[in-house]
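So the chains spell out like this:
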Amino acid sequence: MHGVNLDVLGRRDPELYGRLTLPELEVRVKRFARELGLDVSFSQTNHEGQFCENLHRAAGGADGVVLNPGAWTHYSWAIHDALEVAGLPAVEVHLSGVDEREEWRRVSVIRDLCVGCVQGKGVDGYRDALQMLKEALPV
Ligand code: DQA
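Here goes a summary of the coordinates provided. Computed from a predicted model, the values in this text were never measured in an experiment. (Residues numbered from 1 in each chain as written. Predicted model: local features only at pLDDT ≥ 70, side-chain atom pairs only at ≥ 80, totals over all residues. Heavy atoms only, no water.)

## Quick word on the overall build of the chain
Piece 1. When helices and strands are counted, the chain shows 5 helices and 3 strands.
Piece 2. Taken from N to C terminus, the helices and strands of the chain fall in the order α-α-α-β-α-β-β-α.
Piece 3. Expected size for 139 residues packed as a compact globule is a radius of gyration near 14 Å; at 14 Å, the chain falls within 12% of this value.
Piece 4. Overall, the C-alpha framework of the chain stretches about 40 × 35 × 25 Å when taken along its three principal axes.
Piece 5. For the chain, the proportion of its 139 residues judged to be buried stands at 45%.
Piece 6. Long-range contacts, defined as pairs at least 24 residues apart, comprise 72% of the intrachain contacts of the chain with a sequence gap of at least 6.
Piece 7. Only carbon and sulfur atoms are counted for the fraction: they give 49% of the accessible area of the chain, which is about 7,400 Å².
Piece 8. In the chain, 15 positive and 21 negative side-chain charges are present, and the distance between their average locations comes to 7 Å. (Helix = DSSP H or I, 4+ residues; strand = E, 2+ residues; numbered from the N terminus. Rg over C-alpha atoms; globule rule 2.2 N^0.38 Å. Buried < 20%, exposed > 50% of the residue type's maximum accessible area, 1.4 Å probe, protein only. Contact = heavy atoms within 4.5 Å. Areas by Shrake-Rupley, 256 points an atom, 1.4 Å probe, with all protein chains shown as cover. Lys, Arg positive; Asp, Glu negative; His and termini not counted. Charge placed at Lys NZ, Arg CZ, Asp CG, Glu CD.)

## With respect to the site of the ligand
Piece 1. The full set of residues close to the ligand is R12, Y17, N68, G70, A71, H74, H94, L95, S96, V98 and R105.
Piece 2. Between the ligand and R12, the relevant distance is 2.9 Å, taken from an oxygen atom to a side-chain nitrogen or oxygen of the residue.
Piece 3. Within the side chain of S96, an N or O atom sits 2.6 Å from an oxygen atom of the ligand.
Piece 4. Alone, the ligand offers 320 Å² of accessible surface; in the complex the protein occludes 98% of this.
Piece 5. Residue classes in the shell around the ligand are distributed as 4 nonpolar, 5 polar and 2 charged. (Near = heavy atom within 4 Å. Polar contact = N/O pair within 3.5 Å; in protein donor to acceptor, adjacent residues only side chain to side chain. Nonpolar A, V, L, I, M, F, W, Y, C, P; charged D, E, K, R; others polar.)

## Describing the side chain of H74
Piece 1. Following the sequence through the fold, H74 ends up in the loop between strand 1 (65-67) and helix 4 (77-86).
Piece 2. Taking the relative accessible area as the measure of exposure, H74 reaches 9% and is therefore buried.
Piece 3. Residues within four places of H74 in sequence aside, it is in contact with V98, W104, R105, V107 and V109.

## Section: the pairing of strand 3 (residues 116-119)
Where a strand is regular, its side chains alternate between the two sheet faces.
Piece 1. The two faces of strand 3 differ: G116 and V118 on one face are buried, but C117 and Q119 on the other face are not.
Piece 2. Bridge count for strand 2 (residues 90-94) against strand 3 is 4 bridges, and the pairing is parallel. Residue pairing in the sheet places E92 in a bridge with C117 of strand 3. (Pairing = 2+ DSSP bridges.)

## Concerning the packing of helix 2 (residues 22-36) against helix 5 (residues 124-136)
Piece 1. Relative orientation of the contacting elements helix 2 and helix 5 amounts to 35 degrees, with a least axis distance of 9 Å. Of the two elements, helix 2 crosses helix 5, and the hand of that crossing is right-handed. On the side of helix 2, the interface is formed by L25, R28, V29, F32, A33, E35 and L36, while helix 5 contributes D124, Y126, R127, L130, Q131 and K134.
Piece 2. Considered class by class, the residues forming the contact of helix 2 with helix 5 number 7 nonpolar, 1 polar and 5 charged. (Axes fitted to C-alpha atoms, helices over the stretch in contact; angles between N-to-C directions. Left-handed = near helix turned anticlockwise from the far one by under 90°.)

## Considering the packing of aromatic side chains
Piece 1. Tallied over the entire structure, the rule returns 1 aromatic pair.
Piece 2. Between the NZ or CZ atom of R12 and the centre of the ring of Y17, over which it lies, the distance is 4.3 Å. (Phe/Tyr/Trp six-rings, centres within 6.5 Å; stacked < 30°, edge-to-face > 60°. Lys NZ or Arg CZ within 6 Å of the ring centre and 35° of its normal.)

## What about the nonpolar core?
Piece 1. Membership of the largest hydrophobic core comes to 20 residues, with the highest contact counts inside it found for L9, L25, V66, L95, Y126 and L130.
Piece 2. Mapped onto this core, the elements with two or more residues apiece are helix 2, strand 2 and helix 5.
Piece 3. When residues in this core are grouped by element, the largest group, 6 residues, is from helix 2.
Piece 4. If near-sequence neighbours (up to four positions away) are discounted, V66 is found in contact with M1, V91, V93, Y126, A129, L130 and L133.
Piece 5. Ranked by size, the runner-up nonpolar core spans 17 residues in total, among them M1, V4, A58 and V109. (Core = buried A, V, L, I, M, F, W, Y, C linked by side-chain atoms within 4.5 Å.)

Take a look at the structure:
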């Protein structure tokens, strides 16, 4: 689940976020998932309420969630609560190393609900995130 401003990947600072567009990133993630024997579906929105509703819906159709809420990560208690409602194993992922950046980015209001966090590894971080999620799923 991609959050705010992830739709404009490819136009954001390549030093931080790489050069892939979101569709290109999704092709890579789909490949990682296939290698791990997982099925993935994607969503992206720039609207916080929509992201919450997508989380509510995820509970009905997914076994787990990998989420990059973008800047919402750092302050959206609404997304925190919606993730709690979803009640699914979740992994937080960031393309950039948020814990090494500005003070305000070092705060994550969703981390306590996640089984793990991968950051600073670019698109490859999504492979690690899927692997972590797989390990957290019941067998
Ligand atoms: C991000 C990091 C956030 O701080 C930022 O607001 C983003 C992207 C990342 O993937 O590195 O939009 O989540």
